[in-house]
Amino acid sequence: MDVSAWRNCVDINLTGSFLCARAAWRIMRAQSPQGGRIINNGSISATTPRPGSAAYTATKHAISGLTKTLALDGRSVNITCGQIDIGNAFTELVTRMIDGTVQADGSMRPEPTMDVQHVADAVLHMAGLPPEANVLSMTVMASNMPFVGRG
């Protein structure tokens, strides 16, 4: 992998999430009453990677650490933080999976997808919780995708 491609992925997935959280944190901490909720976009690849995904997997693994640290540090100012790990929601990014994508055994197989509305519904559930409750981590995925058998 080219170092510039690695850095681009880190900048988008990890630094971008950090900068968004930092900006939200400033607002949530300064308002009265203090507090709010941050929901980070993780990935099932953080714990169960696909072949050839070193940068993506590393950044999504780091998002899990960022989420847990923000959840811990936010306690004193009533800021909660959670993470949604998404698997095969039907968007432009996963259209190739319908025709086939590389599996852990090196074979190419199509993978099922789910309507992206299910992700939106899950995020809405997380966001709608009262301040004293938090979903630290939620996985929403296409039911029959090979994720469960991948690791």
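Please read these numbers as outputs of a predicted model, since none were measured by experiment.

So, on to the overall build of the protein chain. Per the secondary structure count, the protein chain includes 5 helices and 5 strands. Walking the protein chain from its N terminus toward its C terminus, one meets helices and strands in the order α-β-α-β-α-β-β-α-β-α. In terms of principal-axis extent, the alpha carbons of the protein chain reach across some 55 × 35 × 25 Å. Each of the 151 residues in the protein chain was classed as buried or not, and the buried ones make up 39%. In the protein chain, of all internal contacts separated by at least 6 residues, the share reaching a separation of at least 24 is 70%. Accessible surface for the protein chain amounts to roughly 8800 Å². Of this, 58% is attributable to carbon and sulfur atoms. In the protein chain, 12 positive and 11 negative side-chain charges are present, and the distance between their average locations comes to 9 Å.

With that settled, the discussion passes to the side chain of arginine 50. Relative to the helices and strands, arginine 50 resides in the loop between β1 (36–41) and α2 (54–73). At 2.7 Å, the side chain of arginine 50 and the side chain of glutamate 111 are in polar contact.

For the rest of this paragraph, the subject is the side chain of threonine 57. Note on placement: threonine 57 falls in helix α2. The class of threonine 57 is buried, set by a relative accessible area of 13%. In this structure threonine 57 touches Ser45, Ala46 and Pro49, once residues within four positions along its chain are discounted.

So, on to the sheet that holds β1. Pairing between the strands of a sheet is mediated by backbone hydrogen bonds and can be parallel or antiparallel. Spatial ordering of the open sheet is given by β1-β2-β5, a layout of 3 strands whose pairing is parallel. Of all strands in the sheet, those bounded by a partner on one side alone are β1 and β5 (137–141). The sheet shows a mean angle of 25° between the axes of neighbouring strands, taken without regard to direction. Pairing between β1 and strand β2 (residues 79–87): 6 bridges, direction parallel. Looking at β2, one finds that asparagine 40 is bridged to glutamine 83. Against the sheet, helix α1 (residues 3–30) contacts β1 and β2, and its axis sits at roughly 170° relative to β1. Strand contacts of α2: β1 and β2, with the helix running at about 155° to β2, the strand carrying the most contacts.

Residues Ile84, Met114, Val119 and Met138 are the most contacted members of the largest nonpolar core, which totals 14 residues. The element best represented in this core is helix α4 (residues 117–127), accounting for 3 residues. When neighbours within four sequence positions are excluded, methionine 114 is seen to be in contact with Ile86, Gly87, Asn88, Ala89, Phe90, Val119, Val140, Met141 and Ala142. The next biggest cluster of nonpolar side chains, apart from the first, holds 11 residues, and it includes Trp25, Ile63, Ala71 and Ile79.

Take the environment of arginine 7 next. For arginine 7, the position within the fold is in helix α1. Taking relative accessible area as the criterion, arginine 7 reaches 55% and is therefore assigned exposed. Residues arginine 7 and alanine 55, spaced 48 residues apart in sequence, show a C-alpha to C-alpha distance of 8.3 Å.

Cut-offs applied
- Residues numbered from 1 in each chain as written.
- Predicted model: local features only at pLDDT ≥ 70, side-chain atom pairs only at ≥ 80, totals over all residues.
- Heavy atoms only, no water.
- Helix = DSSP H or I, 4+ residues; strand = E, 2+ residues; numbered from the N terminus.
- Buried < 20%, exposed > 50% of the residue type's maximum accessible area, 1.4 Å probe, protein only.
- Contact = heavy atoms within 4.5 Å.
- Areas by Shrake-Rupley, 256 points an atom, 1.4 Å probe, with all protein chains shown as cover.
- Lys, Arg positive; Asp, Glu negative; His and termini not counted.
- Charge placed at Lys NZ, Arg CZ, Asp CG, Glu CD.
- Polar contact = N/O pair within 3.5 Å; in protein donor to acceptor, adjacent residues only side chain to side chain.
- Pairing = 2+ DSSP bridges.
- Axes fitted to C-alpha atoms, helices over the stretch in contact; angles between N-to-C directions.
- Core = buried A, V, L, I, M, F, W, Y, C linked by side-chain atoms within 4.5 Å.

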